Amino acid sequence: QFTEEKLGQAEKTELDAHLENLLSKAECTKIWTEKIMKQTEVLLQPNPNARIEEFVYEKLDRKAPSRINNPELLGQYMIDAGTEFGPGTAYGNALIKCGETQKRIGTADRELIQSSALNFLTPLRNFIEGDYKTIAKERKLLQNKRLDLDAAKTRLKKAKAAETRASVSIRLSHQNSKTMFQFKSEQELRITQSEFDRQAEITRLLLEGISSTHAHHLRCLNDFVEAQMTYYAQCYQYMLDLQKQLGRCFPSNYCNNNQTSVAPVPSASSNVIGSSALTSTSGLVITSPSNLIDLKECGGSRKARVLYDYDAANSSELSLLADEVITVFSVVGMDSDWLMGERGNQKGRVPITYLELLN
């Protein structure tokens, strides 16, 4: 029957439109679930060899050995280098702080992988290896029942055609045998039709569960997004803290030894010192001494918000606290990377990269 259908020599019973739509939806769900699952695995573990190793351990039902990840390894190298160079030096101290932050990011990365594997990848894999396999099995049974049904229809059609062609001159006993063959074909058709209808109903009930699968995967997707949000928020906070710590690691003459310095991207409601600051490809604002020409020429004072904590290196400088507002003004002959800051009765030099001019 299958061969004749492929050759176009036999008719085929078509499934109803609703069942066809359900089958198409299930197949589409399976294809895209596999693609999303595989690409999520690539995102969480970019190393293909590590993915293969984890797959093998999973199939062997054994726990994969825990190994250090890339951020943790980089962090350890930085800490070792900083210790070697000397924690008392600016560079050594900065390396150690960067290394500690990288290791914290590595821990957060490990937590993201564990959470995503449990709450997102596992439900997707359970669908592919469980629910969809059951659907595919019942779908194959339905296909076999349909072939049986169409084969029975073909036999009945041949029996009727043979009876029609029978001549009146044929012996009565031979005609009775033809009638008996037709009766058996009709009985077989009723049985195969009943089995086909029953299998179609079973398959339909399973396929209608795809909508529930989508709802479950939606909840899993929300869990995955929350895990990513937590991870990136942790990384941002770690790097923000690191940036503040590095500000204290720089020697007092760091800015004087560099022609340019780095400042954060300005917000929409305020102007970073130097309205003509250039934006680098990394999103940071590069502030040059020429950006302060307006403030220096006007000779007046401006209010400025402190971006980071700053510890004065000597008595000529003013210590700063993040988010406080101070008064700043230019002094003739002062280095272009510094301004004079004033807070109440306290006065001293402040680095411009720690300030944000207010409107």
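What counts and how
- Residues numbered from 1 in each chain as written.
- Predicted model: local features only at pLDDT ≥ 70, side-chain atom pairs only at ≥ 80, totals over all residues.
- Heavy atoms only, no water.
- UniProt positions renumbered as here; feature names shortened; annotations may be inferred.
- Pairing = 2+ DSSP bridges.
- Helix = DSSP H or I, 4+ residues; strand = E, 2+ residues; numbered from the N terminus.
- Core = buried A, V, L, I, M, F, W, Y, C linked by side-chain atoms within 4.5 Å.
- Buried < 20%, exposed > 50% of the residue type's maximum accessible area, 1.4 Å probe, protein only.
- Contact = heavy atoms within 4.5 Å.
- Salt bridge = Lys/Arg side-chain N within 4 Å of Asp/Glu carboxyl O.

In the annotation of an unreviewed UniProt entry, the entry for the protein reads Endophilin-B1, and the organism field reads Crocuta crocuta. What UniProt records for the protein under Sequence similarities (unreviewed entry) is the sentence "Belongs to the endophilin family."

Colleague: Go over the pairing of strand β4 (residues 301–306), please, and point to the residues and values.
Modeller: Sheet topology places β4 next to strand β5 (residues 325–329); five bridges connect them, and they run antiparallel. Bridge pairing in β5 places A304 opposite I326. Pairing of β4 with strand β8 (residues 355–357), which is carried by three bridges, proceeds in the antiparallel orientation. In the strand pairing of β8, V306 is matched with L355.

Colleague: Which residues make up the nonpolar core, and what values do they have?
Modeller: By size, the foremost hydrophobic cluster in this structure holds 19 residues, and its most contacted members are L320, I326, V328, L339, V350 and L355. Elements that contribute at least two residues to this core include exactly β4, β5, β6 (338–343) and β8.

Colleague: How would you summarise the environment of L318 if you had to cite specific residues and measurements?
Modeller: Locating L318 in the fold gives a position in the loop between β4 and β5. Distance in space between the C-alpha atoms of L318 and P351 is 9.3 Å, their sequence separation being 33 residues. L318 has contacts with Y310, A312, G341, E342, R343, Q346, K347, G348, R349 and V350, leaving out every residue within four places of it along the chain.

Colleague: Tell me about the side chain of Q102, and please be specific about residues and values.
Modeller: Position of Q102 among the secondary structure elements: in helix α5 (residues 90–165). Accessibility expressed as a relative area gives 17% for Q102, which makes it buried. The residues contacting Q102, other than those within four sequence positions of it, are P71, E72, L74, G75 and M78.

Colleague: Residue-level account of the pattern of salt bridges, with values.
Modeller: Two side chains bearing opposite charge may form a pair once their charged atoms approach each other closely. A complete count under the given rule lists 14 salt bridges for this structure. Residue E188 pairs with R155 through a salt bridge whose shortest N-O separation is 2.3 Å. One end of the pair, E188, is in helix α6 (residues 172–207); the other, R155, is in helix α5, and 33 residues separate them in sequence. Relative accessible area serves as the criterion here: at 29%, E188 is assigned to the partly exposed category. For R155, a relative accessible area of 33% gives the class partly exposed. Through salt bridges with shared partners, one network takes in E201, R204 and E208.

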